[in-house]
Amino acid sequence: QVYWEQVRKVPENLRHRRITATYLKVVLPKFGNHVVYADKYWDGDPDKRAYRNLYVFSADRNLNGLRMNLLGIPRPDRFDNALRDPSELLVLDPSEMSAMDSSCNTVWRLRGTVFTTSFAGSCTLGKNGKEHGFTVPTHLTSDSTIGRGHFIYLTTGVDDRGKLVSGPPDFVPSAELRA
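A few points on the structure.

What counts as what
Sequence order as written defines the numbering, with residues in each chain counted from 1. Where local features are concerned, this predicted model is filtered to residues with pLDDT of at least 70; where side-chain atom pairs are given and counted, the filter is 80 or more; whole-chain, interface and lining totals use all residues. Derived side-chain values reflect all non-hydrogen atoms in the structure, with water molecules and hydrogen atoms excluded from consideration. The secondary structure listing takes helices from DSSP runs of H or I that are at least 4 residues long and strands from runs of E that are at least 2 residues long, numbered from the N terminus. For this analysis, a polar contact is any N or O atom pair within 3.5 Å, provided that within protein one partner can donate a hydrogen and the other can accept it, and provided that sequence-adjacent residues contribute only side-chain to side-chain pairs. Between two residues, a contact is recorded if the distance between any of their heavy atoms is within 4.5 Å. Whenever a pair of cysteine sulfur atoms sits within 2.5 Å, that pair is classed as a disulfide. Throughout, exposure labels follow a simple rule: accessible area from a 1.4 Å probe, protein chains only, divided by the maximum for the residue type, with under 20% read as buried, over 50% as exposed, and the rest as partly exposed. Patch definition: residues above 30% relative accessible area lacking any salt bridge, with like charges linked at up to 9 Å and the nonpolar side chains Val, Leu, Ile, Met, Phe, Trp and Tyr linked at up to 5 Å. For every accessible area listed, the method is Shrake-Rupley and the probe measures 1.4 Å; residues are considered covered only by the protein chains on display. Whenever a carboxyl oxygen of Asp or Glu lies within 4 Å of a side-chain nitrogen of Lys or Arg, that contact is scored as a salt bridge.

## Thoughts on the side chain of Asp60
Within the secondary structure layout, Asp60 lies in strand 3 (residues 49-60). Here Asn62 takes part through its backbone nitrogen, which lies 3.1 Å from a polar atom of the side chain of Asp60. Those residues in contact with Asp60 that lie beyond four places of it in its chain are Gly65 and Arg67.

This is the structure:
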């Protein structure tokens, strides 16, 4: 995507930034039976850290899907070797993690051979000042497709007046290839 946007001369302000992500299933009993550690960086440079998160998965019969709770890791720089040695993550405790309201959990539903996602409810961040980087109430929507060889996602946020405050201004989804 990053390559073709450059070749097609998409204006700089509409281009997607390159992100590289490694996802590793980890055993962290304090968090549940199905936990994935994510280590992400920008622009092909491992020194430009983007995010380090835990994804905790559980069945949700009421929503007929798989619920994913995204947890922020405090002081993520202490886990520089976690991909090589996941036991580093055993010091984490659920009480120290940052999490969004459960309405912002992502629900995965199997559709044929791909998963589609949406939020579990009406997801609004920034209601009480700065919350996960949002300083004004921001109403988020998410639409993703995860297949064998791709991950296509679009998350946008608008303020109370409907002005876009988060997400790509042209509403073109980001596309990641899976290897």
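## Looking at the state of the cysteines
Applying the stated criterion across every chain, the model contains 1 disulfide. Each sulfur in the disulfide pair Cys104 and Cys123 lies 2.0 Å from the other. Around the S-S axis, the bridge from Cys104 to Cys123 shows a dihedral of about 100° and counts as right-handed. Of the two residues, Cys104 is situated in the loop between strand 5 (98-99) and strand 6 (106-111) and Cys123 in strand 8 (residues 123-125); the sequence distance between them amounts to 19 residues.

## Topic: unusual backbone geometry
With a phi angle near 55°, Lys9 is a residue other than glycine that sits in the positive phi range. On the basis of relative accessibility, which here comes to 67%, the residue Lys9 falls in the exposed class. Even without being glycine, Phe171 reaches a positive phi, approximately 60°. The topology assignment puts Phe171 in the loop between strand 11 (164-166) and strand 12 (174-177). By relative accessible area, Phe171 is classed as partly exposed at 45%.

## Some remarks on a nonpolar patch on the surface
Taken together, Tyr3, Trp4 and Val7 make up a surface patch of nonpolar side chains, about 350 Å² in accessible area. Along the polypeptide, Tyr3 turns up in helix 1 (residues 2-7). With a relative accessible area of 53%, Tyr3 lands in the exposed category.

## Topic: the side chain of Asp159
Its location among the elements puts Asp159 in the loop between strand 10 (150-158) and strand 11. Look at Asp159 and you get buried, because its relative accessible area is 11%. Reaching out from Asp159, the side chain makes a polar contact with the backbone nitrogen of Arg161 at a distance of 2.9 Å. A distance of 2.9 Å separates the side chain of Asp159 from the backbone nitrogen of Lys163, its partner in a polar contact.

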